[in-house]
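# Architecture at a glance
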Amino acid sequence: PPPPLPRSGFGSYYPVYPVHIELGAFDASAHDGVRDTLVDTGAAPHIEVDANAGFAHTQPPHETITIVTGTSTTHVALIGTHVQYLLGMGPDYTVVRDERHGVFIPDNFSRPLYSERLAYRDNGVIIQFAGCNTMTFPCGTVVPFRDTGKSYLLARYFSEDAAQDA
């Protein structure tokens, strides 16, 4: 079962620090079944924008949760357990199953965000930037992500078969 949802008597307020989003920076059409997400050093929660892609479980929050960015405010509609598959570096291209609990699905948000902080705290994933641009999972698999100069993009899949076929 998923871990308990956060509770407080006054609702929860999660700042999401502004990131520049470069639309179309990753050509998802070149890879069947792949979608990108932003790896965000400032994101407090993991955020997904499509409740139908990769969620094993969702439920409404127990209280009002507001997400505030540098330009807008939105509310969390659902919280859930999200599963995605990531492709490790060559030569073996190992597929890693990445399960995240407590992922927010806001009413209105433009792009998914992968929280570096929560990846480390919850799953022991070590993320390196500054030209390295890799995620190292506790199993030893290293997953690369792209630096577009304006954002960091992580290619992910919502089925193991799609990742294997990439």
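Residues numbered from 1 in each chain as written. Predicted model: local features only at pLDDT ≥ 70, side-chain atom pairs only at ≥ 80, totals over all residues. Heavy atoms only, no water.

Another aspect to go through is the overall build of the protein chain. Along the protein chain, the regular secondary structure elements total two helices and 12 strands. The order of helices and strands in the protein chain, counted from the N terminus, is β-β-β-β-β-β-β-α-β-β-β-β-β-α. Counting all 166 residues of the protein chain, 42% fall into the buried class. Carbon and sulfur atoms make up 51% of the accessible area of the protein chain, which amounts to about 8,700 Å² in all. (Helix = DSSP H or I, 4+ residues; strand = E, 2+ residues; numbered from the N terminus. Buried < 20%, exposed > 50% of the residue type's maximum accessible area, 1.4 Å probe, protein only. Areas by Shrake-Rupley, 256 points an atom, 1.4 Å probe, with all protein chains shown as cover.)

This part covers the pairing of strand E12 (residues 152-157). With two bridges joining them, strand E11 (residues 146-147) and E12 adopt antiparallel strand pairing. Bridged to Arg 146 within E12 is Leu 153. Linking two consecutive strands that pair antiparallel, namely E11 and E12, is a turn of four residues; a positive phi of about 95° is found at Gly 149 within it. (Pairing = 2+ DSSP bridges.)

Another aspect to go through is the pattern of salt bridges. Evaluated as defined, the whole model comprises four salt bridges. With a shortest N-O distance of 2.7 Å, Arg 100 and Glu 48 are connected by a salt bridge. Here Arg 100, found in strand E6 (residues 95-106), pairs with Glu 48, found in the loop between strand E2 (34-40) and strand E3 (55-59); they are 52 residues apart in sequence, far enough to count as distant. Assigned by exposure class, Arg 100 and Glu 48 land together as buried. Here Arg 156 and Glu 48 are joined by a salt bridge, their closest N and O atoms 2.9 Å apart. Highlighted residues: Arg 156 in strand E12 and Glu 48 in the loop between E2 and E3, separated in sequence by 108 residues. The pair formed by Arg 156 and Glu 48 is uniform in burial state, with each residue classed as buried. (Salt bridge = Lys/Arg side-chain N within 4 Å of Asp/Glu carboxyl O.)

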